[in-house]
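# Observations on the three-dimensional arrangement
Chain by chain, the residues run as shown.
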Amino acid sequence: MKGIRARWSARLAARRARRKPVISTDDPALRVVVTAYDETEAASAALARADEWQSGLPAVLRHHLALPERSIESARDLLSADGWDLRPGGRGAERGGAGLTAMIALRVQQLDALHCSQESSRMAGLAQRHGGQVYGWDALQPGPDAPS
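As the structure is a computational prediction, the values presented were derived from the model and not from experiment.

### Considering the layout of surface pockets
By volume, the largest pocket is sized at about 330 Å³. What lines the largest pocket is a set of 19 residues, and nearest its centre among them are A36, D38, E39, S120 and G136. When residues of the lining of the largest pocket are traced back to their parent elements, those giving at least two are β2 (59–68), α5 (113–129) and β5 (133–142). Grouping the amino acids of the lining of the largest pocket by side-chain chemistry returns 9 nonpolar, 5 polar and 5 charged.

### Thoughts on the confidence of the model for the protein chain
On average, residues of the protein chain carry a pLDDT of 87, and 82% of them reach 70 or more. Looking at the elements of the protein chain, mean pLDDT is at its lowest for helix α1 (residues 2–19), recorded as 61, and at its highest for strand β3 (residues 85–88), recorded as 97.

### Some words on the packing of helix α3 (residues 72–80) against α5
Their axes nearest at 11 Å, the elements α3 and α5 cross at an angle of 155°. Relative to α5, the element α3 is oriented roughly antiparallel. The chirality of how α3 crosses α5 is right-handed. Contact with α3, carried on its side by A75, L78 and L79, involves R122, M123 and L126 of α5 and no other residues of that element. Taken together, the residues of the contact of α3 with α5 sort by class into 5 nonpolar, no polar and 1 charged.

About the cut-offs
Residues numbered from 1 in each chain as written. Predicted model: local features only at pLDDT ≥ 70, side-chain atom pairs only at ≥ 80, totals over all residues. Heavy atoms only, no water. 1 Å grid on protein atoms, 1.4 Å probe; cavity = no way out; pocket = protein on both sides within 12 Å on 5 of 7 lines; lining within 4 Å. Points joined across faces, edges and corners; volume = space filled by probe spheres on them. Helix = DSSP H or I, 4+ residues; strand = E, 2+ residues; numbered from the N terminus. Nonpolar A, V, L, I, M, F, W, Y, C, P; charged D, E, K, R; others polar. pLDDT = per-residue confidence, 0-100. Axes fitted to C-alpha atoms, helices over the stretch in contact; angles between N-to-C directions. Parallel < 35°, antiparallel > 145°, perpendicular 65-115°, else oblique. Left-handed = near helix turned anticlockwise from the far one by under 90°. Contact = heavy atoms within 4.5 Å.

As structure tokens, this is what we get:
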């Protein structure tokens, strides 16, 4: 009886997993649906004003920062342990100070105010420890006409 129940549970889990849309950080259908570039604005306020954000679907959360070249690999190692990808680019390119390289830390996750706030604090701490700066975050989701 236990074997039947276990197989049934596994089939249900597999069926649910197939229904959930999976996105990639490199999905060409992604578009920015939430921006939070003002450090004084709460994540809950940023999400509340985001008309295109679909709260039930995964998103690519991107944190924009600038780091000294010498600390990029160290930051990458720290972030990759929690599923973050650290890449060149982002808002830091427009605002970066002397000796800093613009970077974005990104990963796929469900968005909510608590986790966005926690990750913002984490990125601020990482940037501070490595002599860098943060420039806020944004989130991307596929457009309504994207294939699912």
